[in-house]
Structures are given as C-alpha cells and as structure tokens.
Amino acid sequence: MRKLPFAALRRIVTVIPLNRTYMTLFCLVMAGAAEGFGVASLLPLLSAIGPEGGSPKGISGKIITFVQGLGIAPTLGFFLLVLVGGMVLKALLTLVAMHRVGRATADVANKMRLDLIDSLLAARWSYYVRQPVGRFSAALSSEASQAGEAYNAAAKFAAEMIQVLTYAAIATLISWRLGVLSLAIGLVMVLTLNRFVTIAKRTARKQKRHIRTMVGGLVDLLVGIKPMKAMGRHARFQTLFERDADRIRTAQRKQAYAREANKALQEPILAICLAGVIYIAVGFWEMPPGQVLVMALLLARVVTSIGKAQQALQAVRIAQASFTAIANTIDAARAMREPSPLGKTPTFDKGITFRDVSFTIGDTPILTGVSFEAPKGKVTTITGPSGAGKTTAVDLLLGLHERTSGDVLIDGVPLPEIDLATWRKMTGYVPQELILFHDTLRANITLGQPEFDDDDVMRALEQAGASGFVAELPEGLDTIVGERGARLSGGQRQRVSIARALVHRPQLLILDEATTALDPETEANIVRNVLELSRTTGVTVLAISHQPAWERASDNVVRLSSGRVLSVERRDPGAPASAGAGPRLRAADPLA
Ligand SMILES: Nc1ncnc2c1ncn2[C@@H]1O[C@H](COP(=O)(O)OP(=O)(O)OP(=O)(O)O)[C@@H](O)[C@H]1O
C-alpha cells in the first residue's frame, strides 16, 4: 500500500483556521458516539429475542444492569427509544458538521483563489517572463474550486473513519474476536481497493497537467491570433490541442473506471466477508442468533463505512491533484515575491544616475558598465539599435530587474534602499507592448482608481494628443475599446496608453517607443505636448526612441549599443539632431 496522504491532508485542512476543522471533527465524533449508543441498545434487545432470551449475559447483561443502576426499567420501549434517539442525534450532528464542511469547502477554494491572485500580483517581473501566463486561467477557474473539494472529501473521509472506529469499538465490546475480525476485513478491503485510489490519483495529476498545457497554450495563442490568422498558420495548432485533448480523455476514462471499480467491488467484498463470518460464528464459535445478527449488522456497517472512506479517499486524491498544483503555483510565485517596501521614501529633486551598471541574465551580459544621468525636469532620450539594452535599462530603473553590479541612484540613493512601491507610483510608464483592457476608455485610463474624475481623464487625453479622436467617438469616454483595444487604431492605442501614464501626474514619465505607431504630425504634437508638460510641471522624461523628433526635443541623448554606452550627448533642445549639437561625452566620461 502506498504512503497515506496525511501530509497532503494536513496541508488541505490548514488552509483555513484549524479550530474550524477541530469543531467539525468534534461534531463528527459526537455523531459517531450518538450512533454508537443507539446501536449498542440493540444488543439487549436482540439477545432478548434470541433463544438465550430471559437472562441476557455478556455485554447485553452489563448494559441492562447499567440501565437498572440508573433507576430506569430496561423495557423494549426504552431501548427502542435509545436506538431512535441515537440515530436522530447522529443525523442532526452530522448535518451540523456537513454544513460547516460545505462552508469550509467554499472558503478553502476562495482562499486558494485569493492567495493565487495575491502571490501572482506580488511576484517579480522576472517571474512572469518565465511563465506561460495563460495557464493561470485554468488555476483560477476549475483548479481552485476542485482544491476546495479536497477539503470536502477529506472531511467525508474523516466522518467515515469515525464511523468505522465506532463500529469496531462496539464489535470489540461484544467480543474481541469480532473486533479483530472487523478490522481484518477492513484491511483486506483497503488493500484490495487501494489500487483504484492510486489510479485515480495518477490520472487526476495527468489530467491537470494536460489541461494546464492546453488552456495555457490556447490563451497565449488567442492573445496573438491575428498574425496566425493573417498568415493562415492557425490550423496547425489544432493538431497540438488535439494531442492534449486526447491525453485528457484517456486520463479521464481511466479515472472514471477507477472510481466505478472502487464502488462496484465493495458490495461483493461485503457479501463474501459477511457469508464467511456468519458461517464461522454459527458453525465454529456457536454464537447465539441474536449476537450473530448484531455482529452481521456491525460488520456490514464497518465494511460499508470502510468502502465509503475509500471512495472519499479517492475523491481526496483526485481533488488533491488540483490542490497541489495550485498550492505549488502559489509557493513558486511567493518565492519570487518582490521585497516589501521597507526602504526610504524616495525624493526626486535632482534626478536619476546610472553608475557603472551591469546586468546579466544567466551568463549572458545584457548591460555592461552603463553610466549616464537623467536630470530632474529634463528630457533624456535613450537610443540605439534593437537589442542594445534600452528597455532593460528602464526595467532596472523601475526595479523590475535587479542590477548585477553598479548602482542605479534616485537623488543619489541606491534603488535597493528606497521604497520601490512609492517610487513606481511616482512614475508614468508607456511600454513598448501596449495592453489595453476590454473595458471603457475611461477605465483604461484611470485603471479603475476612483480618485481620478473625468476632468483628470480629459486633461491626460489632451496632453497625450488624444482628446480630438475621443471627442469624435459617439460614446466618448464610455466607449468600449474591445479586446486588447482592438477597436482602436495602433496610434489611438498609443495615445490612450500615454494618457494612462499621465493621469496621475507622474514626476517621471517613461516612454518606451511610445510614438512609433503615429504619423509624423501626431508624433510631433505629442513630443511638443510632453516638452511643454516638462517645462511647465517639471516632469522628468525618459524616452526610448529611434525617432529624430525625440532626439531634437531632448536635453540628453544616451546612445547604447550591445549593452554599452557609446556616447552621452548634452543637447540644446530644438537644435537639429546633427552631430555636434551639444558636447558629446565618451562612454568613459565620468558624467555620472
Ligand atoms: N528575459 C530575458 N532573457 C534573456 N535575454 C533577454 C531577456 N530580456 C531581454 N533579453 C535580451 O537582452 C537584450 C536587450 O534587450 P532589450 O529589450 O533591453 O533591448 P532594446 O534595446 O530595448 O531592443 P528593442 O529596441 O528591440 O526594443 C536583447 O539581446 C534581449 O535578447
């Protein structure tokens, strides 16, 4: 027999406060005791109707003596009352316990879902870069609910095991041989049926893995479906998903077989055990018929309860696959949690300094000895060929990556020493890959933050050069932009993204190729707006761009190539973007 899943059970029940589980277990134990009393009252009843009736001996005699000692007449009516009362009490206590279990099941699923969201949102940027993000949709939807079911199944397993122990205890009271026999039968049953529990567990894990792969792949594909469709290359993905679907079907079939086999084999095992025990009890132990009847009843209950416990265990194993998958995802995301904001509150009066910053991924150097300054209130453009490391430099500035050596300083304070969350809130960021949500224009700009009203939104749109096209939309700010902003043009999406970055009046505005989709006139307008904004509000601008319009508007131009600074130019904004527009400093110049 495989190792029992106690560690897994412990992990499942500790998702919610333990005292809730203890209370439920207490109700279940009390329910077991109530049933035990009820069934025990059968003993004197049945021994009275057997041929040994009249002067019951053994446990029946002791029960009758005990009842008489309480001053109660041991009548048929009394024992029937105890039997019925015990069963009613058991039903009530079980109902209370299962009501608690139902609530706990929903709470476990809810906690897993919220923990997953929390751990994902708090993870470092480098965590997402390595994940097929689509697979989280499977975790959040079905896996979280199934993780809750693991608690439900574990509680049912505990309830059945309490029943098994209650009946085994009564069997032992009647005769130790009967107690041993019932436990031996239980063991045979567990050993016989455990194989199906193991199959269920294995197939559940496989299903989970393939479903995650399929859902993750499908979500990622749908996000980027446009070029696939355009090139007529989407059909080949059908084959890939068919393979996953086929594996899921096979695992599901095996799981259904294991579940049904576990159920179906329980009755024959019960019948064989009962027949054998009755034969031995009557033929060899010469037990009176009343006791044999009670014994048969007890054994039937023990075996039935073991069977149900086995089914519950199987359900635990199946649900456990989801629970473990989601718990592992939470653990992995938590291990990549960003450091908590214990640093200094940042000031931003002087500017940003990169001092001999290097950054490697694995063994690959991405940036090497990068030094430059982006003074407060000025426009700095980082330019250079594709792959030069421009976006990476900005990622380091925002703490999305951690430098390998050197220092990124804000007002002379190294980034690791400042409160990153506050620093980021001081920043407006327009990334290269624009992501708009399937929501209204307003919500895309405010990101649902109620502190921004329509005046803030309109001001940001104006500054981003987007107020004109928004004014022409029949539904204005209430326009739904479509999935990832599909109902807007590329240039409109860029301007909405710039408005989003400006709505909270940032002190630093980072524009990563933010105007590439715009015609020269619109781009010039935005550059003019941003320049004006910088002059009037003192916002510092860091633009990554190849566009001459940005170079012309910049106070500083930093040229990167292959992760190194080629030159740093201090410029006179407005002068033509030709060589000699300002003092050109070599990479080694100790500007920083
Ligand atoms: N997560 C990563 N793992 C491995 N290499 C990476 C990772 N992110 C970036 N790189 C590599 O780092 C280098 C710099 O990338 P980066 O995106 O900073 O360049 P860039 O100058 O912004 O380019 P572009 O103008 O094309 O956007 C590239 O060679 C890229 O392949």
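Residues numbered from 1 in each chain as written. Predicted model: local features only at pLDDT ≥ 70, side-chain atom pairs only at ≥ 80, totals over all residues. Heavy atoms only, no water.

- The chain is annotated in an unreviewed UniProt entry as ABC transporter ATP-binding protein of Hansschlegelia plantiphila.
- Within the UniProt record for the chain, the comment given under Sequence similarities (unreviewed entry) is "Belongs to the ABC transporter superfamily."
- The UniProt entry for the chain carries the following comment under Subcellular location (unreviewed entry): "Cell membrane". (UniProt positions renumbered as here; feature names shortened; annotations may be inferred.)

A few points about the packing of aromatic side chains
Turning to step 1, where the next piece is worked out: Evaluation of the coordinates by the stated rule reveals 8 aromatic pairs.
Turning to step 2, where the next piece is worked out: Between the aromatic rings of phenylalanine 348 and tryptophan 423, the centroid separation amounts to 5.4 Å while the plane-to-plane angle is 70°, which identifies the pairing as edge-to-face. One end of the pair, phenylalanine 348, is in the loop between helix H12 (289-335) and strand S1 (351-361); the other, tryptophan 423, is in helix H14 (residues 420-425), and 75 residues separate them in sequence.
Turning to step 3, where the next piece is worked out: With relative accessibility at 2%, the residue phenylalanine 348 sits in the buried group.
Turning to step 4, where the next piece is worked out: Both rings, one in phenylalanine 354 and one in phenylalanine 372, keep their centres 4.6 Å apart while their planes meet at 15°; by these two values the pair is stacked. In this pair, phenylalanine 354 is assigned in strand S1 and phenylalanine 372 in strand S2 (residues 364-375), connecting sequence segments 18 residues apart.
Turning to step 5, where the next piece is worked out: Clustering of aromatic rings is evident, with ring pairs tying together Trp125, Tyr127, Tyr128 and Phe136. (Phe/Tyr/Trp six-rings, centres within 6.5 Å; stacked < 30°, edge-to-face > 60°. Helix = DSSP H or I, 4+ residues; strand = E, 2+ residues; numbered from the N terminus. Buried < 20%, exposed > 50% of the residue type's maximum accessible area, 1.4 Å probe, protein only.)

A short note on the UniProt feature "transmembrane region" (unreviewed entry) in the chain
Turning to step 1, where the next piece is worked out: Within the UniProt annotation, "transmembrane region" (unreviewed entry) is assigned to residues 21-43, 63-93, 157-174, 180-200 and 269-285.
Turning to step 2, where the next piece is worked out: Note that residues 157-174 is 100% helix and 0% strand, and that its end C-alpha atoms are spaced 26 Å apart.
Turning to step 3, where the next piece is worked out: The distance from the first to the last C-alpha atom of residues 180-200 is 30 Å, and the span holds 100% helix and 0% strand.

Notes on the sheet that holds S2
Turning to step 1, where the next piece is worked out: Pairing is antiparallel across the open sheet formed by 4 strands, whose spatial order is S2-S1-S4-S5. Pairing within the sheet leaves two strands with one partner each, and these edge strands are S2 and strand S5 (413-414).
Turning to step 2, where the next piece is worked out: The pairing of S1 with S2 spans 8 bridges and is classified as antiparallel. Bridge assignment links phenylalanine 359 to a residue of S2, and that residue is leucine 367.
Turning to step 3, where the next piece is worked out: Packing against the sheet, helix H13 (residues 390-397) makes contact with S1, S2 and strand S4 (405-410), and its axis sits at approximately 115° to S1. (Pairing = 2+ DSSP bridges. Contact = heavy atoms within 4.5 Å. Axes fitted to C-alpha atoms, helices over the stretch in contact; angles between N-to-C directions.)

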